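Here is what each chain is made of, one letter per residue.
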Amino acid sequence: MLKPVQILTRNYGLPESWTLQVYQSQGGYQSAKKALSWPQAQVIEEVKKANLRGRGGAGFPAGIKWSFMRPHPTKPAYLVVNADEGEPGTFKDRTIMERDPHRLIEGCMIGCRGVGAHTAYIYVRHELHLAKDRLWAAIREARSAGILGPRPFGVDYPVDVQVHTGAGAYICGEETSLLNSLEGKRGEPRFRPPFPAQFGLFGCPTTVNNVETIATTPSIIEMGGEAFSRQSELHHLGDGGSRLFGVSGHVRTPGIYEACIGLTLRELIYDLGGGLPEGTKLMAIIPGGSSCPVLRAEEIVNAPDDKAILHPWHGKSILDVPIGVDTMRELGTMAGTTCAIVLSDKACPVRALHNLVRFYAHESCGQCTPCREGVGWMGRIMGKLVEGKGSIEELDMLYDIASNIMGNTICAFGEAAAMPMIGFLRKFRPELVQYLHTGGKSSTGGLAL
Amino acid sequence: MPFALSTERERETADIFSRYPNKLAACIPLLHLCQEQNGWISDEVIQFVAERCEVSTAHVQGVVTFYTLFNQKPVGKHQIWVCRTLSCALRGSDQIARHLQKKLGVHIGETTKDGLFTLREAECLAACGQGPMMLIDKTYHENLTPEKVDKILDELTGEAK
Ligand SMILES: Cc1cc2nc3c(=O)[nH]c(=O)nc-3n(C[C@H](O)[C@H](O)[C@H](O)COP(=O)(O)O)c2cc1C
Ligand code: FES
């Protein structure tokens, strides 16, 4: 059900919303003050009760992640905020950093307390110049006000925040690759174990969280974890609260909107996104960034087992399922970053797939052979297919290549690249075959309207 | 000639080093600082950064070649990055990229003869709801139309005269 809220976005519309003065006039930094006076375990407990699922794509519960951190006898701990925002279709974290940077900094203070760190690094992709400028300005303001520094609010718990930038590489959004990049190295992913909580940044215990995950924690401390979580229709599934939803592609009012979890795909497309442009029909939706397998508009939920998570929607349109970490997984896709890409019937699915494959071929870091060779190969085959050349055997080969990447790489980039391919092959096989048979003439021709 | 930073930028280096527990971590921020001044990462810049970070030039070279945003050869005065990824493509980024190439008389990846613009394609720049879009130097230009592109480019060309 659509329940618009303004929790994370409550300051977005205010003039000079990025300044300390405005942030504090809205009650800003009171949650950090509270959290710093609490024992670490209490902070973690509150975030656990909030059922805050990571907003960076994988949906791991933040409170549980924080509880993996163990103090090290000699090494410091770090909080690292993932502000690399590179997943195609995703444009939400940027709004937080540009319009309410102090909320992220307050979140860093709470996060530092939660994981036992005194330093947070925010890893921002280099292209987001305004976001970086606003963050640095906010950090300077918070330092001069004594909010960041040796004794925030007179509490003996020093906290400082630094901004670090990448240099253009999608892979650096992957957390271990990000850590290497932050250390001044090539952004190649690391083997796990050891996990970052044991051996992370500079070899120290480290927690990596997404911008939105961290920026949500001040509201959790303010409202109480339980109350935050209960806003969500999927509270019972451990998917709590409200979050940012994005919608782009063929809709009338693309943008970022905040709503309680429980929002359905239909509401995202039609109520928030304003529906499809005149003369077009919904064909498909990619629910949460380009790595999530595509769904077709006409799909029906099949969950006859009354214990199944999706059973309440059995027989209904997939568009009526609330967007949640577990609900989308049960549909065979992912909630990801909950920034959806909408394709109307005027978009050619073959070209859409080609566009995405080209992206992954360009962004593979090249460390693992199945990924490096596989995505390049898929890219070459797709390049032929869009030209109207190629064969059914090659179509089947795409499936084999993608399946052979899955599970055979150091990091999840392999899955991220293979899943959209497998998704399109499964859902759009008739269109792909027809495209081949007609030498591309069956296609609407392009992607834009 | 060895590379050197301007006095003002040189002062910034101390601040950069103070953010990290070791010198290596300053490598990427230093490369950005040098590129801002020099336009690209020359061998001299690599030498400079390697000395400052106390690592081998091979390490710095490895970093430079890994990241798209480090220019490995000289580029134009203004960097144009036009997004080509799916959300933007659904809203007409192809048309914008074609228009840019025609207007500037270059292909993707090339620099105009007057050295004013280098045109490149970018992957998703986190502005998907406002596509088609391009990044010029440090500014996002969103919801583009060919007319809007003309206006933006004409202004930049005017400034250069
Ligand atoms: C290829 C790849 C790219 C990723 N890009 C991002 C990103 O841009 N931003 C992000 O927050 N997480 C990204 N992630 C997920 C991170 O690895 C990590 O799970 C996340 O930052 C954890 O934060 P969360 O638990 O708060 O979601 C990416 C993962 C992969 C495999
Ligand atoms: S697809 Fe162009 S900014 Fe995201």
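Conventions used here
Residues numbered from 1 in each chain as written. Chains lettered and ligands numbered in written order. Predicted model: local features only at pLDDT ≥ 70, side-chain atom pairs only at ≥ 80, totals over all residues. Heavy atoms only, no water. Near = heavy atom within 4 Å. Areas by Shrake-Rupley, 256 points an atom, 1.4 Å probe, with all protein chains shown as cover. Helix = DSSP H or I, 4+ residues; strand = E, 2+ residues; numbered from the N terminus. Nonpolar A, V, L, I, M, F, W, Y, C, P; charged D, E, K, R; others polar. Buried < 20%, exposed > 50% of the residue type's maximum accessible area, 1.4 Å probe, protein only. Domains from an automatic or database assignment. Salt bridge = Lys/Arg side-chain N within 4 Å of Asp/Glu carboxyl O. Contact = heavy atoms within 4.5 Å. Pairing = 2+ DSSP bridges. Axes fitted to C-alpha atoms, helices over the stretch in contact; angles between N-to-C directions. Buried area = accessible area lost by both parts, 1.4 Å probe. Polar contact = N/O pair within 3.5 Å; in protein donor to acceptor, adjacent residues only side chain to side chain.

Right, let's talk about the site of ligand 1 for a bit. Residue and element names in this part refer to chain A. Of all residues adjacent to ligand 1, which total 18 residues, the nearest are Gly-56, Lys-65, Asn-209, Asn-210 and Thr-213. In isolation ligand 1 has 620 Å² of accessible area, and contact with the protein removes 90% of it. In terms of residue count, strand E4 (residues 206-210) provides more of the shell around ligand 1 than any other element does, three residues in total. Split into classes, the residues belonging to the shell around ligand 1 amount to four nonpolar, eight polar and six charged.

Bringing unusual backbone geometry into the picture now. A negative phi angle is the norm for most residues apart from glycine, just as the trans form is the norm for most peptide bonds. Residues Pro-193 of chain A and Pro-194 of chain A are joined by a peptide bond in cis, for which omega reads 0 degrees. Here Pro-194 of chain A shows up in the loop between helix H8 (175-182) and E4. Backbone geometry at Ala-126 of chain B places phi at a positive 60 degrees, although glycine is not the residue there. Relative to the helices and strands, Ala-126 of chain B is located in the loop between strand E2 (117-122) and strand E3 (134-136). Look at Ala-126 of chain B and you get buried, because its relative accessible area is 0%.

So, about the domain arrangement of chain B. Taken domain by domain, chain B holds domain 1 (7-66) and domain 2 (78-160). For domain 1 of chain B and domain 2 of chain B, the distance between their C-alpha centres works out to 29 Å.

To continue, consider the pattern of salt bridges. Residues and elements named next belong to chain A. In the structure shown here, the tally under the stated rule is 35 salt bridges over all chains. Between Glu-226 and Arg-230 there is a salt bridge, with its nearest N and O atoms 2.7 Å apart. Remark: Arg-230 and Glu-226 occur in helix H10 (residues 225-230); sequence separation between them is four residues, near one turn of the helix. Among the residues examined, Arg-230 registers a relative accessible area of 53% and is labelled exposed.

All right, on to H8 of chain A then. Taking burial as the measure, the eight residues of H8 of chain A include seven buried ones, the bulk of the element. Taken as a whole, H8 of chain A has its buried residues at Thr-176, Ser-177, Leu-178, Leu-179, Asn-180, Ser-181 and Leu-182 of chain A. Contact partners of the buried residues in H8 of chain A: strand E1 (78-83), strand E2 (119-124), strand E3 (160-165) and E4 of chain A together with helix H2 (27-38) of chain B. Where H8 of chain A terminates, the next one or two residues include Gly-184 of chain A, which has phi positive at roughly 90 degrees.

The next point concerns the sheet that holds E3 of chain A. Residues and elements named next belong to chain A. Strand order across the open sheet formed by four strands is E3-E2-E1-E4, with parallel pairing between neighbours. Looking along the sheet, the strands with just one partner apiece sit at the ends: E3 and E4. When strand polarity is set aside, the average angle formed by the axes of neighbouring strands in this sheet is 25 degrees. In terms of strand pairing, E2 meets E3 through six bridges, oriented parallel. In the strand pairing of E3, Thr-119 is matched with Asp-160. Of the strands in this sheet, E1, E2, E3 and E4 are in contact with helix H6 (residues 101-115), which crosses E1 at around 140 degrees. Running over the sheet, helix H9 (residues 211-223) touches E1 and E4 and is turned about 90 degrees from E4.

Glancing now at the interface of chain A and chain B. A common way to state how big an interface is: give the accessible area lost once the parts meet. Taken together, the contact between chain A and chain B spans 56 residues of the former and 40 residues of the latter. Summed over both sides, the interface between chain A and chain B buries roughly 3,800 Å², with carbon and sulfur atoms accounting for 61% of that surface. Of all residues in chain A, the largest losses of buried area upon contact with chain B belong to Arg-94, Ala-167 and Arg-186 of chain A, amounting jointly to 15% of the total for that side. Put simply, Glu-142 of chain B and Arg-94 of chain A hold a salt bridge, and the shortest N to O gap is 2.9 Å. Along the contact surface separating chain A from chain B lie 22 residue pairs in polar contact (both at pLDDT 80 or more). Sorting the residues of the side of chain A that touches chain B by element identifies helix H7 (129-144), E3, H8, strand E5 (242-249), strand E9 (339-344) and helix H13 (349-363) of chain A as the ones contributing at least two each. No other element matches H13 of chain A, which puts seven residues into the side of chain A that touches chain B. Here the residues of the side of chain A that touches chain B sort into 27 nonpolar, 18 polar and eleven charged.

Another point: the side chain of Ser-87 of chain B. If you trace the backbone, Ser-87 of chain B turns up in helix H5 (residues 86-89). Accessibility expressed as a relative area gives 4% for Ser-87 of chain B, which makes it buried. When residues no more than four places from it in sequence are discounted, the contact partners of Ser-87 of chain B are Gly-89, Ser-248 and Ile-341 of chain A together with Cys-128 of chain B.

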